[in-house]
Structure formats: C-alpha cells, structure tokens
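Architecture at a glance
The lines below spell out each chain.
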Amino acid sequence: MFCRNCGEAMNDNQAICLKCGVKTGTGNAYCANCGNAVAPNADVCLNCGVAIKNAVNGEYLNGKDKITLALICFFLGGLGIHNFMLGETKKGIVKIVLSFCAGIGGILALIDFIKILTDKYVVDPDKAF
Ligand SMILES: [Zn+2]
Ligand SMILES: [Zn+2]
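What counts and what doesn't
- Residues numbered from 1 in each chain as written.
- Chains lettered and ligands numbered in written order.
- Predicted model: local features only at pLDDT ≥ 70, side-chain atom pairs only at ≥ 80, totals over all residues.
- Heavy atoms only, no water.
- Helix = DSSP H or I, 4+ residues; strand = E, 2+ residues; numbered from the N terminus.
- Contact = heavy atoms within 4.5 Å.
- Phe/Tyr/Trp six-rings, centres within 6.5 Å; stacked < 30°, edge-to-face > 60°.
- Buried < 20%, exposed > 50% of the residue type's maximum accessible area, 1.4 Å probe, protein only.
- Donors = N, O, S within 2.8 Å, 3.2 Å for Na, K, Ca; no water.
- Tetrahedral: all angles 85-135°; square planar, octahedral: opposite > 155°, others 65-115°.
- Polar contact = N/O pair within 3.5 Å; in protein donor to acceptor, adjacent residues only side chain to side chain.

With that out of the way, let us pick up the side chain of His-82. Residue position: His-82 is located in helix α2 (residues 81-85). Once residues within four sequence positions are removed from consideration, His-82 is found in contact with Leu-69, Ile-72, Cys-73, Gly-77 and Lys-95.

Laid out in structure tokens, this is it:
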C-alpha cells in the first residue's frame, strides 16, 4: 500500500509513513492502493478503480475511541473533558466556565434557601450575593 499523504510505498503493517511521518491512512492526496495522485474528495481512484476511504478508521473523532468519548462526555461532559480530548479547547473552557458559574449559583442559591427557611435571610439590594 501507499501513503495517502505523500504517495510513498509502505508495508501494510507500518503505523506511520517513514517518508512524511503521518499516520497510516492519514491524508487524501494519494491512492493507498496504487500510490497514484487523487483528488482530495475523490471516492474512487481513477488509476486503479479502488474505492477511497477518506474517513479512515481511527481518524474519525481525532483518532479517539468513540465509546470512551461517549462515556466521558456523559459523566464529565459538563467540564468539557471530551472537548479537550478532541482538541476543542475553546469549547472545553466555555463548558468549564458555565459549569463553574452554575455551580457557584447553585451553592449560593442553596445558602439563600437555608437562610430563608431559618429566617436568617437579610434582604440587601446593595450586595451582589
Ligand atoms: Zn507519507
Ligand atoms: Zn489507485
């Protein structure tokens, strides 16, 4: 097979291309079957007729395991951990800020709730909390 990034001939069990250093299957410039240059969005190699897989296994979701990501998103999604794993730093930071603020809001609300119930609540429009 051939490197999809630079067209260099590779062994089938090579994990990365020895010429350009990308992971096997990464890239869209060459046919993995014959090494012929192909259009980036081509579905089939015009030289050998083999179907071109542009979404190579392991590259989808930045190469992260889908099940692992789904679980992390479910349990730690509020902290944006899955976003950081995917290199989406901005999304992750926004999630952390939102969770953090919501958490503070929740705690403040709980304190107010207890104060109100115990008749300790003091109405003071000049205070932020
Ligand atoms: Zn290469
Ligand atoms: Zn080909």
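Attention now goes to the packing of aromatic side chains. Working definition: an aromatic ring pair is given by the centre-to-centre distance plus the angle between the planes. According to the stated counting rule, one finds one aromatic pair in the structure shown. An angle of 85° between the planes, with centres 5.0 Å apart, marks the rings of Phe-74 and Phe-75 as edge-to-face. By the burial criterion, Phe-74 is exposed, and Phe-75 matches it.

For the zinc ion (ligand 1), the full set of protein donor atoms is Cys-3 (SG), Cys-6 (SG), Cys-17 (SG) and Cys-20 (SG), at a range of 2.2 to 2.3 Å. Of note is the zinc ion (ligand 1), whose four donor atoms meet at the metal with angles of 107 to 116° in an arrangement that counts as tetrahedral. When the donor residues of the zinc ion (ligand 1) are listed from N- to C-terminus, their spacing reads C-x2-C-x10-C-x2-C. Residue Cys-6 is found in the segment before α1 (66-76), and its partner Cys-20 is found in the segment before α1; the two are separated by 14 residues along the sequence. The class for Cys-6 is buried, based on a relative accessible area of 17%.

Mapping Ala-32 onto the fold places it in the segment before α1. Separated by 13 residues in the primary sequence, Ala-32 and Cys-45 place their C-alpha atoms 9.1 Å from one another. If we skip the residues at most four places from it in the chain, Ala-32 touches Met-1, Phe-2 and Arg-4.

Around the zinc ion (ligand 2), the protein contributes the donor atoms Cys-31 (SG), Cys-34 (SG), Cys-45 (SG) and Cys-48 (SG), at 2.2 to 2.3 Å from the metal centre. Considering all four donor atoms around the zinc ion (ligand 2), angles at the metal cover 105 to 116° and the coordination shape is tetrahedral. Within one chain, the residues serving as donors to the zinc ion (ligand 2) are arranged as C-x2-C-x10-C-x2-C. Here Cys-31 falls in the buried class, since its relative accessible area comes to 1%. Since its relative accessible area comes to 23%, Cys-34 is described here as partly exposed.

Mapped onto the elements, Leu-69 comes out in helix α1. On the basis of relative accessibility, which here comes to 7%, the residue Leu-69 falls in the buried class. Along the primary structure Leu-69 and Ile-81 are separated by 12 residues, whereas in three dimensions their C-alpha atoms are 9.0 Å apart.

What follows concerns the side chain of Arg-4. Take Arg-4: it is sitting in the segment before α1. Within polar-contact distance, the side chain of Arg-4 engages the backbone oxygen of Tyr-30 at 2.9 Å.

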